[in-house]
Amino acid sequence: MSENSISDLLLAVEQAFQDHQLIKLVLSKYAGSETNLQRIDIKMVNLRETLQLSFLYHYKTQDVTKNYSWIEAKSILTEFLDGQFKQANLLTTQQEWQLLVSKKGKLSLTVKKQTQATSKNLPVEHNRQKHRYLSLERAFWPFLGITDQQRQLIPAMSRKWSQINKFIEIFDNAISEAKLDLTQALNVVDFGSGKGYLTFAVYDYLRENYLNQATVTGVELRDNLVALCNKAVNACDLQGLQFYQGDVRSYQPERLDVMIALHACDIATDYAIHTGIRLQAKVIMCAPCCHKQLRPQMLCPTILKPLLQHGVHLGQEAEMITDGLRALLLEAEGYQTQVFEFVSLEHTSKNKMILAIKKSISPQKKAEILTQIAEIKKFYGIKEQCLEHLLCG
């Protein structure tokens, strides 16, 4: 083919973009001067009701996303295809195009009919791209032991990878239900972030799927885990992601849109929920454990003594009452609340999650819920519940 091959490919890209038929364009075999750049993946996105092209630059240690109008993108593509990349693959709903540059600089362009792609493959609606939540290609996963240096999933981590993706599915549904303004930067805090699996995943998901300049903070008591996570952040140059050594009592953000606290022990869950409520977080996600505060206070109602004489049943009862009261207190503060089991990131088989979405509540409804809480406490002889105390204080 002649030098017109580049013009033909650019024309095909432009036509597919204008007709909303562009599925993806991949530039590979980089031969330019930019250090560590490996390839670029390009797709259509609908950003603030304006169709643009999103360029995902894959570097050796990080990925960077930039978004351009067609005029800007055409100029950049023209420069890239003029010797910087030796291969370009365009996939549309109708055709597959491949441009190759030989070692001698000879251009060849091939085109064939696309038989598998349909309009369902088009990732035009940027806000609803849900088919694949996370990518193993990210440079930070090797630091956390999820992938090896070739970005392949380590077999022993396959179950954890599924768990992380399941959490992101719940997270995505929650921020959708909360109707967050995803054109504005979000502030997300993950209390008890541990090794940072979910913290990195939430950050990456927001940045890649919503082009949201989110600030995501992991808060963890263990110095070695904070150091590990910050090492990955610095090595991959992840702007807006940070890890803080402390807990929910020592780290107090000024603003909070999403509050996450998984495996917060005993009343640490109450402090985390209170922080979310106090800062009017739109989404609160908690996975409580170690329910110790209420069990010593609880009186066993006479009618329940035959059932609760067994320690395991009494513990389950204390857990249910503790998390049930938390859910009711959240509802009294205007949150739509769900309590359900989800697959744990830890070694236990199941965990309970309290998911709360900020809505509104009438004074009458709030008074009704507070009456229910008072009656439950009286029935079990409960004198004090930490979250209620914090809200009243």
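Residues numbered from 1 in each chain as written. Predicted model: local features only at pLDDT ≥ 70, side-chain atom pairs only at ≥ 80, totals over all residues. Heavy atoms only, no water.

**A few points about the pattern of salt bridges**
Summed over all chains, the structure comprises 17 salt bridges. Of the charged contacts, one joins Lys74 and Glu14 as a salt bridge, the two residues approaching to 4.0 Å between their closest N and O atoms. Of this pair, Lys74 sits in helix 2 (residues 70-81) while Glu14 sits in helix 1 (residues 4-18); the two residues are 60 residues apart in sequence, bridging distant segments of the chain. Take Lys74: its relative accessible area is 36%, and that puts it in the partly exposed class. Between Asp63 and Arg138 there is a salt bridge, with the nearest N and O atoms lying 3.1 Å from each other. Here Asp63 is found in strand 4 (residues 63-68), whereas its partner Arg138 is found in the loop between strand 7 (107-113) and helix 3 (141-144), with 75 residues between them in sequence. Here the two residues Asp63 and Arg138 agree in accessibility, since each one is buried. (Salt bridge = Lys/Arg side-chain N within 4 Å of Asp/Glu carboxyl O. Helix = DSSP H or I, 4+ residues; strand = E, 2+ residues; numbered from the N terminus. Buried < 20%, exposed > 50% of the residue type's maximum accessible area, 1.4 Å probe, protein only.)

**Examining the sheet that holds strand 3 (residues 50-59)**
Strand order across the open sheet formed by 7 strands is 4-3-2-1-5-6-7, with antiparallel pairing between neighbours. Of all the strands in the sheet, the pair left with one neighbour each is strand 4 and strand 7. Pairwise comparison of adjacent strand axes, ignoring direction, gives a mean angle of 15° for this sheet. Along the sheet, helix 1 contacts strand 1 (22-30), strand 2 (37-47), strand 3, strand 5 (85-92), strand 6 (95-101) and strand 7; its crossing angle with strand 6, the most-contacted strand, is approximately 150°. (Pairing = 2+ DSSP bridges. Axes fitted to C-alpha atoms, helices over the stretch in contact; angles between N-to-C directions. Contact = heavy atoms within 4.5 Å.)

**Some thoughts on the packing of helix 1 against helix 2**
Where helix 1 contacts helix 2, the axes come no closer than 11 Å and their chain directions differ by 155°. Regarding the angle of helix 1 to helix 2, the classification is roughly antiparallel. By crossing handedness, the relation of helix 1 to helix 2 is classed as right-handed. Residues Ile6, Leu9, Leu10, Val13, Glu14 and Phe17 of helix 1 form the contact with helix 2, whose participating residues are Trp70, Lys74, Leu77, Thr78 and Leu81. Grouping the constituent residues of the contact of helix 1 with helix 2 by class yields 8 nonpolar, 1 polar and 2 charged. (Parallel < 35°, antiparallel > 145°, perpendicular 65-115°, else oblique. Left-handed = near helix turned anticlockwise from the far one by under 90°. Nonpolar A, V, L, I, M, F, W, Y, C, P; charged D, E, K, R; others polar.)

**Section: empty space enclosed by the protein**
All chains considered together, the criterion is met by 1 cavity of 30 Å³ or more. Put simply, the largest cavity is a space of about 40 Å³. Lining the largest cavity we find Asp266, Ile267, Asp270, His291, Lys292, Gln293, Leu294, Thr322, Arg326 and Gln385. Tallied by class, residues from the lining of the largest cavity come to 2 nonpolar, 4 polar and 4 charged. (1 Å grid on protein atoms, 1.4 Å probe; cavity = no way out; pocket = protein on both sides within 12 Å on 5 of 7 lines; lining within 4 Å. Points joined across faces, edges and corners; volume = space filled by probe spheres on them.)

**Let's talk about the side chain of Ser54**
With respect to the element layout, Ser54 can be found in strand 3. Looking at Ser54, its side chain comes within polar contact range of the side chain of Asn67, at 3.1 Å. With residues near it in sequence (within four places) discarded, Ser54 still touches Asp41, Ile42, Lys43, Val45, Thr65, Lys66 and Asn67. (Polar contact = N/O pair within 3.5 Å; in protein donor to acceptor, adjacent residues only side chain to side chain.)

**Some remarks on the nonpolar core**
Phe167, Phe200 and Val283 are the most contacted members of the largest nonpolar core, which totals 50 residues. Secondary structure elements with two or more residues in this core: helix 3, helix 4 (158-177), helix 5 (197-209), helix 6 (223-236), strand 10 (241-245), strand 11 (258-265), strand 12 (283-289) and strand 14 (350-358). Discounting chain neighbours no more than four positions away, the residues touching Phe167 are Leu198, Val202, Ile260, Leu262, Met285 and Met353. (Core = buried A, V, L, I, M, F, W, Y, C linked by side-chain atoms within 4.5 Å.)

**Digging into helix 6**
With 14 residues, helix 6 extends 20 Å between its outermost C-alpha atoms, agreeing within 8% with the 20 Å of an ideal straight helix rising 1.5 Å per residue. Taken as a whole, helix 6 has its buried residues at Leu225, Val226, Cys229, Ala232, Val233 and Cys236. Mapping the buried residues of helix 6 onto a view down its axis gives an arc of 130°, with all of them on the same face. In this structure, helix 6 carries Asp223, Asn224, Lys231 and Asn234 as exposed residues pointing more than 90 degrees from its buried face. Among the structural elements, helix 3, helix 5, strand 9 (215-220) and strand 10 are those in contact with the buried residues of helix 6. (Expected span 1.5 Å × (residues − 1). Arc of directions from axis to C-beta.)

**Description of the packing of aromatic side chains**
Counting across every chain of the model gives 13 aromatic pairs. Centroid distance Trp141 to Trp161: 5.2 Å. Interplanar angle 90°. Geometry classified as edge-to-face. Remark: Trp161 occurs in helix 4 and Trp141 occurs in helix 3; sequence separation between them is 20 residues. Both residues of the pair, Trp141 and Trp161, count as buried. Taken together through their ring pairs, the aromatic side chains of Tyr30, Phe55, Tyr57, Tyr68, Phe80 and Phe85 make up a single cluster. Directly above the aromatic system of Tyr57 lies the positively charged group of Lys66, at a separation of 5.5 Å from the ring centroid. In this arrangement the basic side chain of Arg249 is found over the ring face of Tyr271, its NZ or CZ atom lying 4.1 Å from the centre. (Phe/Tyr/Trp six-rings, centres within 6.5 Å; stacked < 30°, edge-to-face > 60°. Lys NZ or Arg CZ within 6 Å of the ring centre and 35° of its normal.)

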